[in-house]
Amino acid sequence: ELAQMRSAESPVEAKKFLAIAAKSLQDAVAKRENNQFARAKLAEVKRRLGDNEAAIRILYKMLEGSGAVAEGADMRLLLGDALLDKKETDKALQQYKIASEVATREDDTHRELITRYQKLNRPDLVAYEQKWIADFAVKKKQWEELQSRRRGNPRRAADAEPAPQPQPAQRAPGPV
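Conventions adopted
Throughout this document, residue positions are counted from 1 along each chain, in the order its sequence is written. Local features in this predicted model are restricted to residues whose pLDDT is 70 or higher, and side-chain atom pairs enter the listing and the counts only when it is 80 or higher, whereas totals over whole chains, interfaces and linings include all residues. Note: side-chain values were computed over all heavy atoms of the structure, leaving out hydrogens and water. Only Phe, Tyr and Trp rings are paired, with Trp represented by its six-membered ring, and only when their centres lie within 6.5 Å; those with planes under 30 degrees apart are stacked, over 60 edge-to-face, the remainder tilted. Each helix is a run of H or I in the DSSP string that is no shorter than four residues. Each strand is a run of E no shorter than two, and both are numbered from the N terminus. Think of it in three bands: with a 1.4 Å probe and only protein chains considered, a residue is buried below 20% of the maximum accessible area for its type, exposed above 50%, and partly exposed in between. Salt bridges are defined as contacts in which a side-chain nitrogen from Lys or Arg sits within 4 Å of a carboxyl oxygen from Asp or Glu. Side-chain atoms within 4.5 Å link the members of a nonpolar core, which is a set of buried Ala, Val, Leu, Ile, Met, Phe, Trp, Tyr and Cys residues. Residue contacts are defined here by distance: any two heavy atoms, one from each residue, within 4.5 Å place the two residues in contact. To estimate the expected span of a helix, count its residues, drop one, and scale the result by 1.5 Å. The quantity known as pLDDT measures the predictor's confidence residue by residue, on a range of 0 to 100.

**Describing the packing of aromatic side chains**
Next up, step 1: Per the counting criterion, the structure on display carries 2 aromatic pairs.
Next up, step 2: Ring centres of Tyr 96 and Tyr 117 lie 6.2 Å apart, and the angle between their planes is 75°; this geometry places the pair in the edge-to-face category. Pair noted here: Tyr 96 is in helix α6 (residues 89-102) and Tyr 117 is in helix α7 (residues 107-119), with a separation of 21 residues, a long-range link. As far as the burial class goes, Tyr 96 and Tyr 117 line up, both buried.
Next up, step 3: Ring centres 4.9 Å apart and planes at 10° place the aromatic pair Trp 132 and Phe 136 in the stacked group. Here Trp 132 pairs with Phe 136, and both are found in helix α8 (residues 123-151), just 4 residues apart, close to one helical turn. Neither residue differs from the other here; Trp 132 and Phe 136 are each classed as buried.

**A look at the pattern of salt bridges**
Next up, step 1: Taken as a whole and judged by the stated rule, the model has 16 salt bridges.
Next up, step 2: With a shortest N-O distance of 2.7 Å, Asp 85 and Arg 47 are connected by a salt bridge. Taken together, the residues Asp 85 in helix α5 (residues 73-85) and Arg 47 in helix α3 (residues 36-48) connect sequence positions 38 residues apart.
Next up, step 3: Here Asp 135 and Lys 131 are joined by a salt bridge, their closest N and O atoms 2.7 Å apart. Pair noted here: Asp 135 and Lys 131 are both in helix α8, with a separation of 4 residues, about one helical turn.
Next up, step 4: Looking at Asp 135, the relative accessible area reads 33%, which means it is partly exposed.
Next up, step 5: Residues joined by salt bridges that share partners form a network here, namely Glu 53, Lys 86, Glu 88 and Lys 91.

**Some details on the nonpolar core**
The nonpolar side chains of soluble globular proteins are, as a tendency, buried together.
Next up, step 1: Formed by 36 residues in total, the largest nonpolar core has its most connected members in Leu 59, Met 62, Met 75, Tyr 96 and Tyr 117.
Next up, step 2: Of all the secondary structure elements, the ones that give two or more residues to this core are α2 (11-31), α3, α4 (52-63), α5, α6, α7 and α8.
Next up, step 3: It is α5 that contributes the most residues to this core, 7 residues altogether.
Next up, step 4: Apart from residues lying up to four places away in sequence, Leu 59 is in contact with Ala 43, Met 75, Leu 78 and Leu 79.

**Points about α3**
Residues separated by three or four positions in an α-helix point in the same direction, a consequence of the helix having 3.6 residues per turn.
Next up, step 1: End to end, α3 covers 18 Å across 13 residues, agreeing with the expected 18 Å (1.5 Å per residue, within 8%).
Next up, step 2: Among the residues of α3, those classed as buried are Ala 38, Arg 39, Ala 40, Leu 42, Ala 43, Val 45 and Lys 46.

**A word on the environment of His 110**
Next up, step 1: Mapped onto the fold, His 110 is located in helix α7.
Next up, step 2: Residue His 110 is classed as buried on the basis of its relative accessible area, which comes to 0%.
Next up, step 3: For the pair His 110 and Gln 130, spaced 20 residues apart in sequence, the C-alpha to C-alpha distance is 7.9 Å.

**A look at the confidence of the model for the chain**
Next up, step 1: Scored by pLDDT, the chain has a mean of 84; 81% of the residues are at 70 or more.
Next up, step 2: Ignoring residues within four places in sequence, the model shows residues 165-176, a span with pLDDT below 50, making 0 contacts including any to other chains.

In structure tokens, the structure reads:
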């Protein structure tokens, strides 16, 4: 249903497919209550249908409190976006900050956060995310170089330290 929604020829047709997808996802959750993928997709579909309240309820249940069963930067972004649509800016910012903390190796998430912070006119948070991306790029390059050296990858030979050259065997002193 979601794939068909993407290829829908009109907004009305797209909304029809979204409604069918929501029903299918609700059925999947009813059959298996621990199906967190279906829950997260259901929250996304509910938000697309304009039902931010339902999306927020689903996401809070998954992410917060004693019943929390999941964590993910993408879900935090979705929750923040739904809260922002409801003009709950402080709560949205809180979710965006958690998304930043959770996305330890996801520079795309930090790029998305920059866009959101720019729209919210928060240059302090934009600068924080830009610094995170710059620091991550340095660490990523260092890690790739280390991995390249460990594998003896010739593509990085110019960047890596020269490999030790084999030395001719030394004879032990004394009679042969």
